[in-house]
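# An overview of the molecular structure
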Amino acid sequence: MVHLYQLNGYNIALDVFSGSVHAVDAVAYDAIGLYPEHTPAEIKAQLLEKYRDRPDVTAEELDEMLADIATLKAEGKLFTEDVYADRAFDFKNRHTELKALCLHVAHTCNLNCAYCFAAQGKYHGERALMSFETGKRALDFLVENSGTRKNLEVDFFGGEPLMNFDVVKRLVEYARSIEQEKNKHFRFTLTTNGVLLDDEVTEFANRECHNVVLSLDGRKSVHDRLRKTVNGQGSYNAIVPKFQEFVKKRGDKSYYVRGTFTKNNIDFTEDIFHMADLGFTELSMEPVVCAPDEPYALTEKDLPALFEQYEILAKEMLKRKKEGRPFTFYHYMLDLESGPCIYKRISGCGSGTEYLAVTPWGELYPCHQFVGDPKYSMGNIYDGIQNTALQQEFKLCNAYARPDCKDCWAKLYCSGGCAANAYHATGSVKGIYKYGCELFKKRIECAVMMQVAELLETQEK
Amino acid sequence: MKIKVLRVDEITVYQYPERITSLMAFMQLVNAAKGRFIPLYRYDTKNCVPPYYIEEEKTYTYVNFSGVHTVEEEEIHVLSKAEYDARLSDLIETKCIYCVHNEDDMKDTDLKSYRDNLCLDGNCFFFEEI
């Protein structure tokens, strides 16, 4: 399968199953498009007719080009066959050693963001803070179920995890204390709205956390419209200076400034550029996922404008990189040469298998987005996974398990997409969140284009 | 004018109620209210950068303190809108002209491009020297 598209003046052919990317001229672009359904003679005739005004497009040139295409095909770089489908169906036998936990240390929040999927941190339940004992048992559960894996990941999540900072600190201390004995290494991530970020948290997070996610929606007017306190006050002024100070002290350690865009800011690239101008260089911006009747919900009608925004973003990122003021965008970070293994590319994020969410009471869910939905309760950290049928369902939840993904060129990049989004959109984790698919595909197109642009520029130099 | 105010849950700033002049006295009022709502003026930050606030942009509101985590006292500057904008304009002339992000057409529409980020004390989230 080959995905052909034109973007930012480039003609790009993406060979889906080999992962090869070809940047070609217009004639070769047309030839590749015609190749599967036509003989070389037919292609030659059509192209000579189409390009009759171009003296450089001769029969000899076209013969040479068609021979190149045939060579690429023979070398497994173009029109490669799908050799992964059979492997995907072995997934029911795959090992599911635990790798990561999302620890919901606080089911409460000091902000009242209108679009919060967690219902202001409560996940449609009671406000609660995780006790140290529960968190400690969760870490032990992770170690006990991680098999031979050495590197384990723990996300401190909420609500707002800093509302339970003492427990976060004690859990990190406990985890570090058992690393040597258990032959494990913990990598911690903290996701925060920044309200409680102070010198102590900064020093702790920069010492202990492998990554920190800082929530900011961009421009003040955009951020303050939906990210408010319970009293209705916008939080931008309070958090931006804290984030700036935090990032300054973080040095070269990873972080993300992460935003959410909604119908209110279809021009969300302005918010990304705003973040970059504030001095943040590792950025992410996600489309809101909410009920379609919410006033800020994105709709099908917004798609063309959003596609345009992603193109604007890609072009501006290339421009700023040239100017010596680059920034990264999470969805454009694509490693075409040594990305994830094919196993990972088929199976996706590992929710419900390698990755679980733990509530303040120790219940287990496939991921944070399922927390509070009794249908998706998997068990608890004391008794382990009890809903094995559900675990089995998630084991088999991959790019090849979804019939709608069968003919999609992007399936080895999205791994079938987010199970939670699919569930919320269709009622099934094996469904398709079509809206998300469209945005995902556009982002991949942009990310590949950026790599083509940079590679060609390097070659020109 | 410099005044003492209440900062609630790290973010929201309220004027002390009439005849209440200290945090301790205010907390006595909160405790006496026993979970009932207390009327207060809230200083909004839509068009200013703390600790400078605009007098005309305070909102009369009823607050229930039973769900509040922290209340602190702090000092803020309160100016009339005219005075705030005049000082902001002056600052733009002396500070922003040295910033790489400054553009000539940014002073349009009620100084909007500046008032989100430039504080009257001269600090700016965006400032990057030319």
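Worth saying up front: this structure is predicted, and the values here are computed from it rather than measured.

### Remarks on the environment of Asp116 of chain B
Mapped onto the elements, Asp116 of chain B comes out in the segment after α3 (108-115). Between the C-alpha atoms of Asp116 of chain B and Glu129 of chain B, which are 13 residues apart in sequence, the distance is 19 Å. If we skip the residues at most four places from it in the chain, Asp116 of chain B touches Lys220, Ser221, Tyr236 and Asn237 of chain A together with Lys46, Val49 and Phe125 of chain B. Within the structure, Asp116 of chain B has its side chain in polar contact with the side chain of Lys112 of chain B (distance 3.5 Å).

### As for the sheet that holds strand β11 (residues 282-287) of chain A
Residues and elements named next belong to chain A. Sheet architecture is open: 11 strands sit in the order β12-β11-β10-β9-β8-β7-β4-β13-β14-β15-β16, paired in mixed fashion. A strand with exactly one partner marks an edge of an open sheet, and here the two such strands are β12 (328-329) and β16 (384-385). Examined bridge by bridge, strand β4 (residues 100-104) and strand β13 (residues 355-358) share 4 bridges and lie parallel to one another. Counterpart to Leu103 in the pairing with β13 is Val358. The strands touched by helix α6 (residues 165-182) are β4, β7 (151-157) and β8 (185-192); relative to β8, the strand with the most contacts, the crossing angle is about 165°.

### Observations regarding the packing of helix α2 (residues 40-50) of chain A against helix α3 (residues 59-74) of chain A
Residue and element names in this part refer to chain A. Between α2 and α3, the least distance of the axes is 10 Å, while the angle of their chain directions is 135°. One finds that α2 runs oblique with respect to α3. The interaxial crossing formed by α2 with α3 has right-handed handedness. Judged by residue contacts, Pro40, Ile43, Lys44, Leu47 and Leu48 of α2 engage Ala59, Leu62, Asp63, Met65 and Leu66 from α3. Classifying every residue of the contact of α2 with α3 gives 8 nonpolar, no polar and 2 charged.

### A look at the pairing of strand β2 (residues 12-15) of chain B
Residues and elements named next belong to chain B. In terms of strand pairing, strand β1 (residues 2-8) meets β2 through 4 bridges, oriented antiparallel. By the bridge assignment for β2, Val5 is matched with Gln15. Here β1 hands over to β2 after 3 residues, with Asp9 in that stretch at a positive phi of 50°. Bridge count between β2 and strand β3 (residues 38-43): 2 bridges; the pairing is antiparallel. Paired with Tyr14 across the strands is Arg42, a residue of β3.

### Looking at a negative patch on the surface
A cluster of acidic side chains, namely Glu60, Glu61, Glu64 and Asp68 of chain A, defines a negative patch on the protein surface. Along the polypeptide, Glu64 of chain A turns up in helix α3.

### Quick notes on unusual backbone geometry
Residues and elements named next belong to chain A. Cis rather than trans, the peptide bond between Gly158 and Gly159 has omega equal to 10°. The backbone of Asn8 sits at a positive phi, close to 55°, despite the residue not being glycine. Topologically, Asn8 is positioned in the loop between β1 (2-7) and β2 (10-15). The phi angle at Asn183 is positive, at roughly 55°, despite the residue not being glycine. Along the chain, Asn183 falls in the loop between α6 and β8.

### Focus: the sheet that holds β3 of chain B
Residues and elements named next belong to chain B. The strand order β4-β6-β1-β2-β3-β5 describes an open sheet built from 6 strands, whose pairing is mixed. A single partner strand is all that each edge strand has here, and the edge strands are β4 (52-54) and β5 (58-63). Here the strands of the sheet are splayed against their neighbours by 50° on average, with no regard to which way each runs. Strands in contact with helix α1 (residues 23-33) are β1, β3 and β6 (71-79); relative to β6, the strand with the most contacts, it is inclined by about 115°. Each of β4 and β6 is contacted by helix α2 (residues 81-94), which is oriented at about 135° to β4, the strand it contacts most.

### Quick notes on the interface of chain A and chain B
At the interface, 21 residues of chain A touch 24 residues of chain B. Counting the surface lost from both chain A and chain B, the interface buries some 1700 Å², and carbon and sulfur atoms represent 55% of this. Counting across the chain A and chain B interface gives 1 salt bridge. For Glu10 of chain B, the salt bridge is made with Lys242 of chain A, and the minimal N-O distance between the two is 3.8 Å.

### Quick look at the domain arrangement of chain B
All names here are of chain B. Assigned domains within chain B: domain 1 (2-79) and domain 2 (81-115). Inter-centroid distance (C-alpha atoms) of domain 1 to domain 2 is 29 Å. At the junction of the two partners, domain 1 supplies 10 residues and domain 2 supplies 6 residues. Here domain 1 meets domain 2 over a buried area of about 770 Å², counting both sides, of which 57% is carbon and sulfur. The largest per-residue losses of area from domain 1 upon contact with domain 2 belong to Asn47, Ile54 and Leu79, which jointly make up 59% of the total buried on that side. Counting the contacts that link domain 1 with domain 2 gives 0 salt bridges. Linking domain 1 to domain 2 there are 3 residue pairs in polar contact (both at pLDDT 80 or more). If one sorts the elements of the side of domain 1 that touches domain 2 by residue count, β4 sits on top with 3 residues. Here the side of domain 1 that touches domain 2 is built from residues that sort into 6 nonpolar, 1 polar and 3 charged.

### A few points about the environment of Gln392 of chain A
Structurally, the position occupied by Gln392 of chain A is in helix α13 (residues 388-395). It is 8.4 Å that separates the C-alpha atoms of Gln392 of chain A and Thr353 of chain A, two residues lying 39 residues apart in sequence.

### Brief notes about the pairing of β13 of chain A
Here β13 of chain A shows no split at all, with Tyr355 and Ala357 of chain A on one side and Leu356 and Val358 of chain A on the other all buried. Counting the residues between successive antiparallel strands, the hairpin from β13 of chain A to strand β14 (residues 363-365) of chain A contains 4 residues, one of them, Gly362 of chain A, with a positive phi of roughly 95°.

Rules behind the numbers
Residues numbered from 1 in each chain as written. Chains lettered and ligands numbered in written order. Predicted model: local features only at pLDDT ≥ 70, side-chain atom pairs only at ≥ 80, totals over all residues. Heavy atoms only, no water. Helix = DSSP H or I, 4+ residues; strand = E, 2+ residues; numbered from the N terminus. Contact = heavy atoms within 4.5 Å. Polar contact = N/O pair within 3.5 Å; in protein donor to acceptor, adjacent residues only side chain to side chain. Pairing = 2+ DSSP bridges. Axes fitted to C-alpha atoms, helices over the stretch in contact; angles between N-to-C directions. Parallel < 35°, antiparallel > 145°, perpendicular 65-115°, else oblique. Left-handed = near helix turned anticlockwise from the far one by under 90°. Nonpolar A, V, L, I, M, F, W, Y, C, P; charged D, E, K, R; others polar. Patch = residues over 30% accessible without salt bridge, like charges linked within 9 Å, V, L, I, M, F, W, Y side chains within 5 Å. Areas by Shrake-Rupley, 256 points an atom, 1.4 Å probe, with all protein chains shown as cover. Salt bridge = Lys/Arg side-chain N within 4 Å of Asp/Glu carboxyl O. Lys, Arg positive; Asp, Glu negative; His and termini not counted. Charge placed at Lys NZ, Arg CZ, Asp CG, Glu CD. Buried area = accessible area lost by both parts, 1.4 Å probe. Domains from an automatic or database assignment. Buried < 20%, exposed > 50% of the residue type's maximum accessible area, 1.4 Å probe, protein only.

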